[in-house]
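Next come the chains, spelled out residue by residue.
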Amino acid sequence: MSPIAPLAPDRLYRACDTGHFTFTTTAELDDLSEGIGQMRAIDAAHFGIGMRHAGYNLYVMGPPGSGKRYLVRQLLDRRVGTEAKPADWCYVHNFSQQHKPRAIRLLAGMGTRFHADMQQLVSELQATIPAVFEGDEYRRRLAQIDEEYGERQARAFVEVGEEAGKLGVTLLRTPNGFSFAPAKGDEVMSPEDYEKLPQEEKERFERDIGSLQEKLEKVIRQVHQWRRERLERVRKLNEEAVLFAVGHLIDDLRGNYADYPAVCSYLDEVQQNVIESMDEFHHPREAQTGLAALTREPPDFNRFRVNLLVGRDGTEGAPVVYEDHPTYQNLIGRVEHIAQLGALVTNFLQIKPGALHQANGGYLLLDAIKLLTQPFSWEGLKRALSTHEIRIESLGQMYSLVSTMSLEPEPIPLDAKVILIGNRLLYYLLAQYDPEFGELFKVAADFEDEVVRSADNDLLYARLVGTLVRRDKLHPFDRDAVARVIEHSARRAEDAEKLSTHVQSLADLVREADYWAAQEKREVVTRADVERAIQAQIKRSDRLRERSHEAILRGILHIDTDGERVGQVNGLSVFQLGDFSFAQPSRITANTRLGDGELVDIQREVKLGGSIHSKGVLILSSFLAARYAAEQPLSLAASLVFEQTYGQVEGDSASVAELCALLSSLANVPIRQSLAVTGSVDQFGRVQAIGAVNEKIEGYFDICNQRGLTGRQGVLIPASNVAHLMLRQDVVDAAKAGRFHVYAVETVDQALELLTGVAVGTPDAEGSLDQRVAQRIKHLAELRRKYAKKAESGSGGGSEQNDE
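Predicted, not measured: the structure shown is a model, and the values here were computed from it. (Residues numbered from 1 in each chain as written. Predicted model: local features only at pLDDT ≥ 70, side-chain atom pairs only at ≥ 80, totals over all residues. Heavy atoms only, no water.)

Caption draft 1: Spatial organisation of the overall build of the protein chain. Each helix and strand counted, the protein chain has 28 helices and 30 strands in total. Against the globule reference of 28 Å for 804 residues, the protein chain gives a C-alpha radius of gyration of 49 Å, more extended than a compact globule. Reported as C-alpha extents along the three principal axes, the dimensions of the protein chain are approximately 170 × 100 × 45 Å. Sorting the 804 residues of the protein chain into buried and exposed places 47% on the buried side. Of the contacts formed within the protein chain by residues at least 6 apart in sequence, a portion of 77% connects residues at least 24 apart. Approximately 40200 Å² of the protein chain is accessible, and the part contributed by carbon and sulfur atoms is 50%. (Helix = DSSP H or I, 4+ residues; strand = E, 2+ residues; numbered from the N terminus. Rg over C-alpha atoms; globule rule 2.2 N^0.38 Å. Buried < 20%, exposed > 50% of the residue type's maximum accessible area, 1.4 Å probe, protein only. Contact = heavy atoms within 4.5 Å. Areas by Shrake-Rupley, 256 points an atom, 1.4 Å probe, with all protein chains shown as cover.)

Caption draft 2: Focus on the packing of helix H3 (residues 110–133) against helix H6 (residues 199–256). At a minimum axis distance of 10 Å, the contact between H3 and H6 shows a crossing angle of 165°. Classed by the angle they form, the pair H3 and H6 counts as roughly antiparallel. The handedness of the crossing between H3 and H6 comes out as right-handed. Mapping the contact onto sequence places Arg113, Asp117, Met118, Leu121, Glu124, Leu125, Thr128, Ile129, Val132 and Phe133 in H3 and Asn238, Ala241, Val242, Ala245, Val246, Leu249, Ile250, Leu253 and Asn256 in H6. A class-by-class count of the residues in the contact of H3 with H6 yields 13 nonpolar, three polar and three charged. (Axes fitted to C-alpha atoms, helices over the stretch in contact; angles between N-to-C directions. Parallel < 35°, antiparallel > 145°, perpendicular 65-115°, else oblique. Left-handed = near helix turned anticlockwise from the far one by under 90°. Nonpolar A, V, L, I, M, F, W, Y, C, P; charged D, E, K, R; others polar.)

Caption draft 3: Fine view of the nonpolar core. The biggest cluster of nonpolar side chains holds 60 residues, and the ones touching the most others in it are Phe477, Val530, Ile697, Ile717 and Phe740. Elements supplying a minimum of two residues to this core: helix H17 (455–471), helix H18 (479–492), helix H19 (503–519), helix H20 (527–541), helix H25 (693–707), strand S29 (714–718), helix H26 (729–736) and strand S30 (741–745). Counting residues domain by domain, this core receives three or more from each of domain 1 (19–30 + 449–541) and domain 4 (547–788). (Core = buried A, V, L, I, M, F, W, Y, C linked by side-chain atoms within 4.5 Å. Domains from an automatic or database assignment.)

Caption draft 4: Inspection of empty space enclosed by the protein at higher detail. One pass over the full model with this rule turns up three cavities of 30 Å³ or more. Estimates place the volume of the largest cavity at around 220 Å³. Lining the largest cavity are 20 residues, with Gly35, Ile36, Leu71, Leu464 and Val503 sitting closest to its centre. For the lining of the largest cavity, the secondary-structure elements that each account for two or more residues are helix H2 (68–80), H17 and H19. The leading source of residues in the lining of the largest cavity is H17, at five residues. Tallied by class, residues from the lining of the largest cavity come to nine nonpolar, nine polar and two charged. (1 Å grid on protein atoms, 1.4 Å probe; cavity = no way out; pocket = protein on both sides within 12 Å on 5 of 7 lines; lining within 4 Å. Points joined across faces, edges and corners; volume = space filled by probe spheres on them.)

Caption draft 5: Up close: the pattern of salt bridges. By the definition in use, this model includes 42 salt bridges. Across the pair Asp268 and Arg254 runs a salt bridge whose closest N-O atoms are separated by 2.8 Å. Here the residue Asp268 occupies a position in helix H7 (residues 261–276), and Arg254 occupies one in helix H6, the gap between them amounting to 14 residues. The class of Asp268 is partly exposed, set by a relative accessible area of 40%. A salt bridge links Glu546 to Arg547; the nearest nitrogen and oxygen atoms lie 3.9 Å apart. Taking the relative accessible area as the measure of exposure, Glu546 reaches 32% and is therefore partly exposed. The structure contains a network of salt bridges with shared partners spanning Arg491, Glu695, Glu698, Asp702, Arg728 and Asp730. (Salt bridge = Lys/Arg side-chain N within 4 Å of Asp/Glu carboxyl O.)

Caption draft 6: Region of interest: the environment of Gln358. As for its position among the elements, Gln358 is in helix H11 (residues 355–359). Judged by its relative accessible area of 33%, Gln358 is partly exposed. Spatially, the C-alpha atoms of Gln358 and Ile421 are 19 Å apart, while their sequence positions differ by 63 residues. What Gln358 contacts, discounting residues up to four positions off in sequence, is Leu309, Val310, Arg312, Pro319, Val321 and Pro353.

Caption draft 7: Inspection of the sheet that holds strand S2 (residues 88–92) at higher detail. Pairing is antiparallel in the open sheet, where three strands are placed in the order S3-S2-S7. The sheet is open, and its two borders are formed by strand S3 (102–106) and strand S7 (307–310), each paired with just one other strand. Going across the sheet, the axis of each strand differs from the next one's by a mean of 30°, ignoring polarity. Two elements, S2 and S3, share five bridges in a ladder whose sense is antiparallel. Bridge assignment links Trp89 to a residue of S3, and that residue is Arg105. Each of S2, S3 and S7 is contacted by H3, which is oriented at about 30° to S2, the strand it contacts most. Together, S2 and S3 form the strand contacts of H7, whose direction differs from that of S3 by roughly 135°. (Pairing = 2+ DSSP bridges.)

Caption draft 8: Here's a closer look at the packing of aromatic side chains. Under the criterion given, the structure shown has 18 aromatic pairs. A ring pair is formed by Phe47 and Tyr56, whose centres lie 6.0 Å apart and whose planes are at 85°; its orientation type is edge-to-face. Measuring from centroid to centroid gives 6.3 Å for Tyr257 and Tyr260, while their planes differ by 55°, and the two rings are tilted. Comparing Tyr257 with Tyr260, the two get one shared label, buried. For the cation-ring pair, Arg471 lies above Tyr70, with the distance from its terminal atom to the ring centre recorded as 5.7 Å. (Phe/Tyr/Trp six-rings, centres within 6.5 Å; stacked < 30°, edge-to-face > 60°. Lys NZ or Arg CZ within 6 Å of the ring centre and 35° of its normal.)

Caption draft 9: Quick look at the domain arrangement of the protein chain. For the protein chain, the assigned domains are domain 1 (19–30 + 449–541), domain 2 (38–85 + 315–447), domain 3 (130–281) and domain 4 (547–788). Spacing between the C-alpha centres of domain 1 and domain 2 amounts to 36 Å. Listed per partner, the contact involves six residues of domain 1 and nine residues of domain 2. Buried area between domain 1 and domain 2, both sides added, is near 550 Å², and the carbon and sulfur share of it is 45%. The largest contributions to the domain 1 side of the interface with domain 2 come from Asp449, Thr501 and His502, which together make up 61% of the buried area. (Buried area = accessible area lost by both parts, 1.4 Å probe.)

Caption draft 10: Just helix H24 (residues 655–667), in detail. Here H24 contains 13 residues, and its C-alpha end-to-end distance of 18 Å stays within 8% of the 18 Å for a straight helix at 1.5 Å per residue. Among the 13 residues in H24, 13 count as buried, and that is most of the element. (Expected span 1.5 Å × (residues − 1).)

Here is the structure:
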């Protein structure tokens, strides 16, 4: 096998070619209106927004910071301007069922007008009705009725009195009513004179008084009837007066809202209630004094007012609402209460709208994780979308937590497009475990994490930088600064052929580069400013990296970067701390001895190894058995461990290093400690790609560089990871100078030859590594058979002795 050469320096970093940039600074570029490489997601979003059928709500998914909300908002802003404004919604008093306020739908802008008109009507009623009852015409007609019935009543009693006088009887008016008594002349006969009368005269008086009493009772009954007639005439007079005063006001409103039958029906009820409750206007509370003013319930004119729940006056197009705090009440609406005399009271004016009301007829944007973490919000939203109506309910009543009476507002029809914004995991969990989710959110817009790095996308990226610069009023970037931003984006994507679509991190870098340019009093941001911003971001986060590397350099953590050792190799471990990741070498050792084929993963045995790491160890165990003991038992025991690690080890990226350490121990061939290894392996010995390849190379380079580069140090990586290389400039410079090397390997055999300097060859090849491994395994197998025979002989001899 021919020796493997290190990678050329130009393969360690793919620089952005500024030759295809035709601009000098980003000030010359147009704004980018759509995301880069997000056509699949944008097409899905267009479809979901445009599809008006039930259930076609939209779930927008992608990593946080990818600009999902911004792009969706852009799409909506371009669309909503061409759509009609949705209706206004009002709640009014229900005169027949006071606890069930009625909902009224009006054209956009008419709700505000209706609210003002009813407010004006109440003011005019309060001023007009008392004035009518104080007017001369009303007083004259009321006096006329009183005079008429007074004369009629007086005439009836006079007639009874005159008839009584003819019979010698006097009609007396007493505090207790009327009575009759015998008369003597013009005076009432005294009891003494009455006793002197003959018996016949007494009997005549009694008969006459009895007859007169009957007539008097008829008159009194007639008077009661007349009083009722008077009250009825007064009532009609009052109604006539009120209608005369306010009827034209309500008639004018009926004319203004003739196209709204619900409003006209409501105005009819208002007019009837005004007439029925005219005394509240006639005798307002201000006229009461003392205890009566405190104990008597004040007139409630609020019932004639309008609760403008949602008004579209002053808006254009369909509404776009983003609810940042989607609690149940903020979504569905609520009924508030007012404290009065130690009690909580409410009315239809205390009905408050939710985000669904505000977005009705338009679009509602919600953060999925915020929605799902609020109690009852997800169920409330699903109920509204399923029933196509917004029903405001108290949670206390819904779950029978309180027994007090509250309002039950009439539900409002719902016609809104709901757009959930969240991550992919949440989408797949909802799709799997919530059967209603698929029925209500039928469209998914999946935003890409990265896009292909090409000349066209480089230019789009430059326009995106220019857009961010203008949006935040920053200094323009020159073409070299844009190129460095693009190169850093490829590094964030962990792929030299891709660009990250993480807009938030890009915006942060642009703003920070602008800051450093301003510190240097530059009007244009340069490549040096971008580089300084990148290094400043790293510096703010690398405290633990410095402490870790310090422990290695001081010898607290034993890592050899020179010399040779059997059964020991430098692996590479990555640590993720928030948005910052770094790597450092890890000392991996292997030990082999006589055994029965057991491979002990010490990390797993002490429960410090993850399942993927354990899988990698089992794969290399399978490779070992298949290559060297396919037709015989594997007569060895081996152990593998990450030395001086005290936390969880996860991932299979060290399986190549572990296999090399194991084979080094078996063959008793030393491994060059100047090289570090990363990569996973399959059962056939092929080396597979791993993550964070740049951080791993740089982590080992930093240790070697601080100890002094010798030209022998380097890192072995999978060949499939070469396309991912975007190394720091100091690493590239060291490679150019031949002081540090990066090797790409495709198989374990290539890695072994680089690490040991010995050709792997075949078991039959003299001096090859494979021959040494095969001989060691054969030797262990012979030892095993030997010890097995001794054990059998010892066991047999013992039996014969027992028989004797």
